[in-house]
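Below are the chains, spelled out letter by letter.
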Amino acid sequence: MDYKALAERLLPGNYPDLDSYEKLYPPRDLPKGAQVTRLAPSPTGFIHLGNLFSATADERLAHQNGGVLYLRIEDTDLKRKVDGAVEAVISALKYFDIKFDEGAEIGGDETYAPWYQRQRAEIYRAFVKHLIEIGRAYPCFCTEDELTKLREEQTAKKEITGYYGKYAKCRNLTEEEIYKNLDAGKPFVIRLRSMGNPENKIKFHDEIKGDVTVTENDQDVVILKSDGIPTYHFAHAIDDHFMRTTLVIRGEEWLASLPIHIELFHVLGFELPHYAHHCSLMKQDGETRRKLSKRKDPELSLEFYRKEGYFPRAVKVYMLTLLNSNFEEWYLKNPDKPLEEFKFSAEKMSKSGALFDLDKLNDISKNELSKLSAEEMLDFLKVWADEFGTAAQKSWFMDREKMVQVLTLCMGIGGKKRRKDFTTASQAMDFIKYFFERPAEVDEYRVDGETKRAILHGFLAKYDPKDDAQSWFAKIKEIAAENGFAAEMKDYKLAPDSYKGSVADVAEVLRIATTGKANTPDLWTIQQILGEKETKERVKEQI
Ligand code: GLU
């Protein structure tokens, strides 16, 4: 068969000499040991925790040795493309401090651009044409129907499904048959003519999984679709080579395709990059562990963390905890060091599933937020509120000084021990709401209505906003005594039956009246922040 003529017929026109691409995209000039990694999402609009998991490893492994992390958009499948998806990827990852050096919508060194696969059609076609010319690729005219029937037949016979060996009908078409189909205008795809034999095993070293043995590929996979756009398999091989990727970090679901990729790199004459296939994020669901699911688990979407207002460093700490088995110990010893000082390694990545636990993340979040100053917390909350907060919440930031006082108190800054009540921005905003708005509902009082009113009247009669904390508390004790409550805790403990309760119960009444909550930080300080007028009005309202 005249493959050259066939190639010309299938992909007419002049394509650059293949060597010219090697010169156009030269090997990168990087320090020894520096890795070039990439994130290569499809622009589906759904950016998830798995992307962040990969990207965190990509970022660390590239940047800790002076390498490069770039963003490539794998948009070969138009059906899955969503407008604004690329911006969504960039902004979601930027929130978690993943900085790309180059890439789609990022720019950087243009040498390896463009970073959208659809803009690279010419390179792919040039290489497909070459493969046809050397007899390693061929046109396939099978229709969707025929392929479905083939799959059904193979499934019924319990054989491996796909287009291979004796099932690869178009692989052995004669020259005459091919041209007849072409003349009849039949649509076609281009398939790889695989030379692999599944009896043969290939030993392969994965940076995470270690030595793995895979079976040689014998599938004649599609490399160019009927619209002239390549498949993922083909496009990624070309791109990882010409973007000079040294380490491909991706989910283990791609391990099954590795034999195809090995054959593609080989037939294209490219050196195989190193691969690191990481495990999937799992969730404990009752007795079983399962993969996080888009349908069932809102926490799979990165959008969730922004809407809830998770502190980016907390999420990063948790990602690193899940990614590298020795991170947690390092972090315990070095809680305040920049995370970049941790020596990240692919070998320390988990080989089997990483268990994602939102409670664990929440604990880390509480801890991370408790390290902030009131000003830092304020800035974090404000950024969240500007994007996701209600108009009322946004207005809370108009009085910056008050907000600092509120946060200082709620975070226990200056106290004996820092409080760890804040998990996320939305939760913190909810927590501090009573400083800015009268509570619409209040916790249940544990005294009867008459006693409650007597206590609150007593308070109004004695209240002086100029009292310091001590004098203020002395007055609460007086109110206790006047209403049949023990003014001293020790007296109450000695004879609980002689009292209606203790001074603590009296303070609780006042606390609920002031804040709506039975549990709050120091009440005297809260009333100081609220001011005389607001304190009185709230108490009156409860009477
Ligand atoms: N476009 C593929 C995906 O979104 C990329 C896989 C890879 O990293 O090679 O899953």
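In the block above lies the structure referred to throughout.
Residues numbered from 1 in each chain as written. Predicted model: local features only at pLDDT ≥ 70, side-chain atom pairs only at ≥ 80, totals over all residues. Heavy atoms only, no water.

Draft legend 1. Expanded view of unusual backbone geometry. In this chain, Ala113 is followed by Pro114 through a cis amide linkage whose omega measures -5 degrees. A positive phi angle, near 70 degrees, is found at Asp97, a position not held by glycine. Note that Asp97 resides in the loop between helix 4 (85-95) and strand 3 (102-103). You can call Asp97 partly exposed: its relative accessible area is 34%. One non-glycine residue, Lys158, lies in positive phi territory at about 55 degrees. Note that Lys158 resides in the loop between helix 6 (144-156) and helix 7 (175-183). (Helix = DSSP H or I, 4+ residues; strand = E, 2+ residues; numbered from the N terminus. Buried < 20%, exposed > 50% of the residue type's maximum accessible area, 1.4 Å probe, protein only.)

Draft legend 2. Looking closely at helix 9 (residues 258-268). With ten of eleven residues buried, helix 9 lies mostly within the body of the structure. Following helix 9 by one or two positions, Gly269 has its phi on the positive side, about 75 degrees.

Draft legend 3. Representation of helix 4. Inspection of helix 4 places Ala85, Val86, Val89, Ile90, Ala92 and Leu93 among the buried residues, and these make up the whole buried set. Around the axis of helix 4, the buried residues are gathered within 165 degrees of arc, so they sit on the same side. Contacts made by the buried residues of helix 4 are with strand 1 (36-39), helix 3 (49-63), strand 2 (68-71) and helix 10 (302-308). Just beyond helix 4, the residue with positive phi is Asp97, at close to 70 degrees. (Arc of directions from axis to C-beta. Contact = heavy atoms within 4.5 Å.)

Draft legend 4. Structural detail: the layout of surface pockets. Taken as a whole, the largest pocket holds about 1200 Å³ of empty space. Ser42, His48, Arg80, Glu253 and Trp254 are the residues nearest the centre of the largest pocket, which is lined by 41 residues in total. Those elements giving two or more residues to the lining of the largest pocket turn out to be strand 1, helix 3, helix 8 (232-242) and strand 9 (247-251). The element best represented in the lining of the largest pocket is helix 3, accounting for four residues. Quantified by volume, the second largest pocket comes out at close to 610 Å³. In terms of lining residues, the second largest pocket is bounded by 24 residues, among which Glu144, Leu147, Val189, Arg191 and Val222 are the most central. Mapped by element, the contributors of at least two residues to the lining of the second largest pocket are helix 6 and strand 5 (189-192). It is helix 6 that contributes the most residues to the lining of the second largest pocket, five residues altogether. (1 Å grid on protein atoms, 1.4 Å probe; cavity = no way out; pocket = protein on both sides within 12 Å on 5 of 7 lines; lining within 4 Å. Points joined across faces, edges and corners; volume = space filled by probe spheres on them.)

Draft legend 5. Quick look at the site of the ligand. Surveying the vicinity of the ligand reveals the residues Arg38, Ala40, Pro41, Ser42, Glu74, Tyr232, Arg250 and Trp254. Take Glu74: an N or O atom from its side chain is 2.6 Å from a nitrogen atom of the ligand. When the free accessible area of the ligand is taken as 300 Å², the share hidden by the protein chains comes to 80%. At a threshold of 2 Å from the grid points, most atoms of the ligand map onto the largest pocket. Taken together, the residues of the shell around the ligand sort by class into four nonpolar, one polar and three charged. (Near = heavy atom within 4 Å. Polar contact = N/O pair within 3.5 Å; in protein donor to acceptor, adjacent residues only side chain to side chain. Areas by Shrake-Rupley, 256 points an atom, 1.4 Å probe, with all protein chains shown as cover. Sits in = over half its atoms within 2 Å of the grid points. Nonpolar A, V, L, I, M, F, W, Y, C, P; charged D, E, K, R; others polar.)

Draft legend 6. Region of the structure containing the sheet that holds strand 12 (residues 288-291). Ordered by their spatial adjacency, three strands build an open sheet running 12-11-13, and the pairing between neighbours is mixed. The strands lining the two open edges of the sheet, one partner per strand, are strand 12 and strand 13 (354-355). Both strand 11 (residues 281-285) and strand 13 contribute to a ladder of two bridges, which runs parallel. Directly across from Met282, in strand 13, lies its bridge partner Leu355. (Pairing = 2+ DSSP bridges.)

By themselves, these are just geometric observations and shouldn't be taken as functional.
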